[in-house]
Amino acid sequence: MLKIVVFISGRGSNLKAILSHIQDGSLKAEVCAVISDKPEAAGLELAKNAGVPAIVVPRLPKNRSLAEFNAELAATALNYSPDLVVLAGFMRVVTTEFLSAFPGRVVNIHPSLLPSFKGLHAQKQAVEAGVKFAGCTVHYVNEEVDSGGIIAQAVVPVLPNDSEDSLSQRILEKEHKLFPAVLQAFASGQITIGDTGDIQQETNSLVSLNLLVTA
Ligand code: GAR
């Protein structure tokens, strides 16, 4: 059983999708803990309702450094010995103090077809750029924001009258399929994490995963 710790900052709809795929048996994983930097994050309630420990690690007090904050995030997650750390709408920058605790084991979902539209308001960036296709990306996390290796992507059309909200909603529906599918690929061994943190990917498996989520 793949043990995951999920980091959130808000609504938690991706967390909800992960939990419901676990519940219906299509994702063979266990969410050991949900960690939020925001005490008011709605996703914390989803965790509690599912019987999962819901923990707040606040960014405040402001005088502590980003490194100290990241070290506490890592220490909190390490208590649960996760196989994989899952950033699902976690809106804080993670640093070496965090990443070095989980080499090659931190994945994130971002609402754009990376490497396009990194950072905040990716969907708005896509609408403003006039691109005809958008989507979401699950990728490994490294020290540079939204720049780690791409694991899988799902594509949606951008329609002529799309707003940031309407495009976000269309992308979100894909996110809710893509993230559980990628996590199941880890759970089933389709994607392997080596002892050194080096990633070995079976190319064919990933191709079929991509077909699955763009269909
Ligand atoms: C999702 O759209 C996710 O891709 C995005 O935040 C939203 C969280 O929604 N993440 C980022 O923009 C990270 N750069 P959720 O809380 O309902 O899962």
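Residues numbered from 1 in each chain as written. Predicted model: local features only at pLDDT ≥ 70, side-chain atom pairs only at ≥ 80, totals over all residues. Heavy atoms only, no water.

Moving on: helix H6 (residues 164-187). Compared with the 34 Å implied by 1.5 Å per residue over 24 residues, the 33 Å span of H6 between its first and last C-alpha is a close match. Immediately beyond the C-terminal end of H6, within one or two residues, lies Gly-189, with a positive phi of roughly 90°. (Helix = DSSP H or I, 4+ residues; strand = E, 2+ residues; numbered from the N terminus. Expected span 1.5 Å × (residues − 1).)

Around the ligand lies a shell formed by Arg-11, Gly-12, Ser-13, Asn-14, Gly-89, Met-91, Ile-109, His-110, Pro-111, Leu-172 and Glu-175. Here Ser-13 contributes a side-chain N or O atom positioned 2.5 Å from an oxygen atom of the ligand. One of the backbone N or O atoms of Asn-14 is found 2.9 Å from an oxygen atom in the ligand. Protein coverage of the free-state accessible area of the ligand, which is 450 Å², stands at 88%. Using a 2 Å cut-off from the grid points, one finds that the ligand occupies the largest pocket. For the shell around the ligand, the elements supplying multiple residues, two or more each, are helix H1 (13-23), strand S5 (106-110) and H6. In terms of residue class, the shell around the ligand is made up of 4 nonpolar, 5 polar and 2 charged. (Near = heavy atom within 4 Å. Polar contact = N/O pair within 3.5 Å; in protein donor to acceptor, adjacent residues only side chain to side chain. Areas by Shrake-Rupley, 256 points an atom, 1.4 Å probe, with all protein chains shown as cover. 1 Å grid on protein atoms, 1.4 Å probe; cavity = no way out; pocket = protein on both sides within 12 Å on 5 of 7 lines; lining within 4 Å. Sits in = over half its atoms within 2 Å of the grid points. Nonpolar A, V, L, I, M, F, W, Y, C, P; charged D, E, K, R; others polar.)

Locating Thr-76 in the fold gives a position in helix H3 (residues 66-78). With relative accessibility at 12%, the residue Thr-76 sits in the buried group. (Buried < 20%, exposed > 50% of the residue type's maximum accessible area, 1.4 Å probe, protein only.)

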